[in-house]
Amino acid sequence: MAARRVAGGCWQRALCLGRRCRLPGGRESYRSSSSTSALGKTVDNSQVTQEEIVLPRRKTWDKLAVLQALASTVNRDPTAAHYMFQDDPFLMPRNAANARLYSLSKESGRNAAKYIIKNFPQYFDKTFAEPNVPCLMPESLTPQTEGVSEGALRERIHLRLVKESVDMFDQLLQAGTPVSLETTNSLLDLLCFYGGGEPTPQKEQEEKEGLEEPEVNASEQKAPKRQFQRGSQSSGPKWRENNHAERIFKVMPERNAHSYCTMIRGMVKHEAYSKAYDMYIDLLNERHKADVHTFNALIRAVPYLKERFPERWELAKEFLTHMAQQKVQPTLLTFNSVLKSLRRCGGVGRAVSLSVLKEMEALDIEPSLASYDHLLSMFYKGADPQSSDIISEVLNEVEKRSFTAQDPDDANFFNTAMQVCCDLKDIKLAYQLNRALEKGDNWKFLDVDRLNGYWSKFFSLLCMMEQIEVVLKWYKEMSSSLFYPSPKNILDLLQALDAANQLEVIPSVWEDVKQLGFSRIPDVLEEFLSLMSRDQHPSEIQLAFAKCAEDIKAVHEPAGPGQVPLEWTGSALGHVVVLFSRAGRTQDAWNMMEHFQKINRIPTDKVMDEFLNCAKQTNCPDEAIKMVKLAASLGLLSSQRLKSRMEKEFELSETQKKALESIKWDGDSSDSDSDSSDSDSE
């Protein structure tokens, strides 16, 4: 009972305190401290310190707030591969080629599963999920409306059945049934998007983007400069003459602006640029207005409509003027389309690009990463890289923001900027770019391929400009987690080790090379052997180098069925002999010496001297005599010098002395023959 009375008193005091608190917008109240009997003191209410209590406003948390908080506590594991390869340890990639192959294979498997579900939905009619999530269930692609009617046509258009939709439209025309303008425009949307063909699994990404803003395909970026020399590099369907879209457009009894805009965007998408421009002229003649997406498509087509740089800019300005006249508000994609076209306008593009950015600022449109990518491409490709500080200003702006994807070309920015940093050989700009990449969600713009290309360029720049300790630290943190080093990266690292005189790290790098699968690349092998055999090192390092040489030797020998061994070169063979000789492996060195005759190559004086030194240190005069015989059989001038050196430096038995004296240089017989011929002529 006493506890209950105490609890009741606490609740009464809490309620009294709540009434006295000042709520936002309410009246002020104060709380007073109660007397404490334990201290034996009484406090007058007039002397009580008054404290104001303000209740905070309620905060609305995001649904993913807890997951985001947990994710912020986890750092990247430098020893782990990309998360997409974590499901199957057997598919852990060894190099960039494997990573690309495995990622494409994984995506191919998803497309195959979608294809099976799409074409055989009758086998997936069981619903076991509780609760059922309709968006995760197979989509029904079988038309439910039978017969020939406009409703059946609309259903087939919604299901993206191109051929069936066209057949249904033709049947309605033959029956004399009028088709509404809205339905016909929907059919044109479908035909112009797919180019008159059926949708394929490769177009799934385009389907997700919808029909609102079809983009120019990737071949536009790689096309040559001249208009009449541009070959088709796109794998998508081309705009065929008199296709279904053109035929249906011609038989339409009524056409509105949507009809013309759809045709224009479809023609630009499928590279019929001249037809798109002619269609735009027809739209103006019919006194229709184009929408912003149509103007964006036409602006992107400018480099394909005009050949001279000034003419391209004038045509782009003409489209922008028409937008102002038709009161069409430009968007971010509009200005990005202008900048993308200016990339193919040479010096004219560089001269007016900054004014385009100022116009964006005047309209309160923030540039996206694609805007900066186009800007860097204009100023740092085909021009003097030292003539502009544009990249510094760009990185200062990018470093302040966390970007979201607004343009398909946004993903190209970080690779382009890193390439500019490499061209300028500016490591500070590269570090600043890294900080921008780590800002917010900017890292999401790099997929597996772009991520590997970005860090590969950054690592090459590190090897060129940084201290070796910093290079090795980055190499340890980045390798196999952020990127897979390419053969060029390995060569850059070897050059950095050579410049810093830290060749003792080479054996550990060689282990990484074997793991990456680069142990059969001749250029990489030559660089390793050249650095290891160039100078004399302590015995421990020489033994490690000899082990690397043994691995390289195994690559040049048959290992099993179906594996073709590499062919020996004279330089590689000589380097291996030197490495074995310095490690005291005389027999292995002699086995390599025998290969010179097999491949018809001549060893250098350095190789023979190193082998002779090894034979002397290991007390193997028989192998040294064999080497002198080999030099004599090859007709080398150094054979006499080696023979004299053996007589002075080696302790030979009588048998070995006789064997050494019996060695005749092949040049002796030729000299005697020449002397006899001279005497005969006299």
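- The protein chain appears in an unreviewed UniProt entry as Small ribosomal subunit protein mS39 from Catharus ustulatus.
- Its UniProt record gives the protein chain the following Subcellular location (unreviewed entry) comment, quoted word for word: "Mitochondrion".
- Regarding the protein chain, the UniProt comment filed under Sequence similarities (unreviewed entry) reads as follows: "Belongs to the mitochondrion-specific ribosomal protein mS39 family."

### Some remarks on helix α11 (residues 273-285)
Logical step 1: Relative to the 18 Å expected for 13 residues at 1.5 Å per residue, α11 spans 19 Å between its end C-alpha atoms, a close match to the ideal helical length.
Logical step 2: Regarding α11, the residues found buried are Y273, A276, M279, Y280 and L283. Viewed end-on, α11 has its buried residues packed into an arc of 115°, placing them on one side of the element.
Logical step 3: Those residues of α11 that are buried are in contact with α9 (244-251), α10 (257-269), α12 (292-300), α13 (302-305) and α14 (309-325).
Logical step 4: In the segment just after α11, R287 is the residue with positive phi, at about 65°.

### Remarks on the nonpolar core
Logical step 1: Within the largest apolar cluster, 164 residues are counted, with the highest numbers of intra-cluster contacts made by F413, W455, F528 and M593.
Logical step 2: The residues contacting M593, other than those within four sequence positions of it, are V577, P603, V607, M608, F611, M627 and L630.
Logical step 3: Counting residues in hydrophobic clusters, the runner-up holds five residues, among them A81, F85, V448 and Y484.

### Looking at the packing of helix α5 (residues 162-174) against α9
A pair of packed helices is characterised by two quantities: the angle between their axes and the separation of those axes.
Logical step 1: At a closest axis distance of 12 Å, the pairing of α5 and α9 adopts a crossing angle of 25°. Comparing their axes, α9 and α5 come out roughly parallel. Here α5 and α9 pass one another in a crossing that is left-handed. Seen from α5, the contacting residues are V166, F169, D170 and L173; seen from α9, they are H244, R247, I248 and V251.

### Notes on helix α21 (residues 448-465)
Logical step 1: If you check α21, its first and last C-alpha atoms are 26 Å apart, about what 18 residues at 1.5 Å a residue would give, namely 26 Å.
Logical step 2: For α21, the full list of buried residues reads V448, L451, N452, Y454, W455, S456, F458, F459, S460, L461, L462 and C463.

### A closer look at the pattern of salt bridges
Logical step 1: All chains considered together, the criterion is met by 31 salt bridges.
Logical step 2: Across the salt bridge formed by R100 and D449, the nearest N and O atoms sit 2.4 Å from each other. Separated by 349 residues along the polypeptide, R100 in helix α3 (residues 96-119) and D449 in helix α21 bring together distant segments of the chain.
Logical step 3: Here D291 and R265 are joined by a salt bridge, their closest N and O atoms 3.5 Å apart. Here D291 is found in the loop between α11 and α12, whereas its partner R265 is found in helix α10, with 26 residues between them in sequence.
Logical step 4: Through salt bridges with shared partners, one network takes in D609, K616, R641, R645 and E649.

### Some words on the packing of aromatic side chains
Logical step 1: According to the stated counting rule, one finds 19 aromatic pairs in the structure shown.
Logical step 2: Aromatic pair Y277 and F319: ring centres 6.2 Å apart, planes at 70°, arrangement edge-to-face. In this pair, Y277 sits in helix α11 while F319 sits in helix α14, placing the two residues 42 residues apart along the sequence.
Logical step 3: Relative to F458, the ring of W455 has its centre 5.5 Å away and its plane inclined at 75°; by these criteria the two rings are edge-to-face. With W455 and F458 both in helix α21 and three residues apart, this pair spans about one turn of that helix.
Logical step 4: Exposure remark for W455: the relative accessible area of 6% places this residue in the buried category.

### Some points on the packing of helix α20 (residues 427-437) against α21
Logical step 1: Axis separation between α20 and α21 bottoms out at 10 Å; the angle between their running directions is 145°. The interaxial crossing formed by α20 with α21 has left-handed handedness. Note on element contacts: α21 touches α20 through Y454, W455, F458, L461, L462 and M465, opposite I427, A430, Y431, L433, N434 and L437.
Logical step 2: Here the contact of α20 with α21 is built from residues that sort into eleven nonpolar, one polar and no charged.

### Some details on the environment of W239
Logical step 1: Secondary-structure assignment places W239 in the loop between α8 (219-222) and α9.
Logical step 2: Classification of W239 by relative accessible area gives buried; the value is 10%.
Logical step 3: Taking the C-alpha atoms as reference, W239 lies 9.8 Å from Y194; in sequence the two are 45 residues apart.
Logical step 4: Setting aside residues up to four positions removed in sequence, W239 forms contacts with C192, A245, E246, M263, G266, M267, H270, A272 and K275.
Logical step 5: Side-chain polar atoms of W239 contact the side chain of E246, separated by 2.8 Å.

Conventions we followed
- Residues numbered from 1 in each chain as written.
- Predicted model: local features only at pLDDT ≥ 70, side-chain atom pairs only at ≥ 80, totals over all residues.
- Heavy atoms only, no water.
- UniProt positions renumbered as here; feature names shortened; annotations may be inferred.
- Helix = DSSP H or I, 4+ residues; strand = E, 2+ residues; numbered from the N terminus.
- Expected span 1.5 Å × (residues − 1).
- Buried < 20%, exposed > 50% of the residue type's maximum accessible area, 1.4 Å probe, protein only.
- Arc of directions from axis to C-beta.
- Contact = heavy atoms within 4.5 Å.
- Core = buried A, V, L, I, M, F, W, Y, C linked by side-chain atoms within 4.5 Å.
- Axes fitted to C-alpha atoms, helices over the stretch in contact; angles between N-to-C directions.
- Parallel < 35°, antiparallel > 145°, perpendicular 65-115°, else oblique.
- Left-handed = near helix turned anticlockwise from the far one by under 90°.
- Salt bridge = Lys/Arg side-chain N within 4 Å of Asp/Glu carboxyl O.
- Phe/Tyr/Trp six-rings, centres within 6.5 Å; stacked < 30°, edge-to-face > 60°.
- Nonpolar A, V, L, I, M, F, W, Y, C, P; charged D, E, K, R; others polar.
- Polar contact = N/O pair within 3.5 Å; in protein donor to acceptor, adjacent residues only side chain to side chain.

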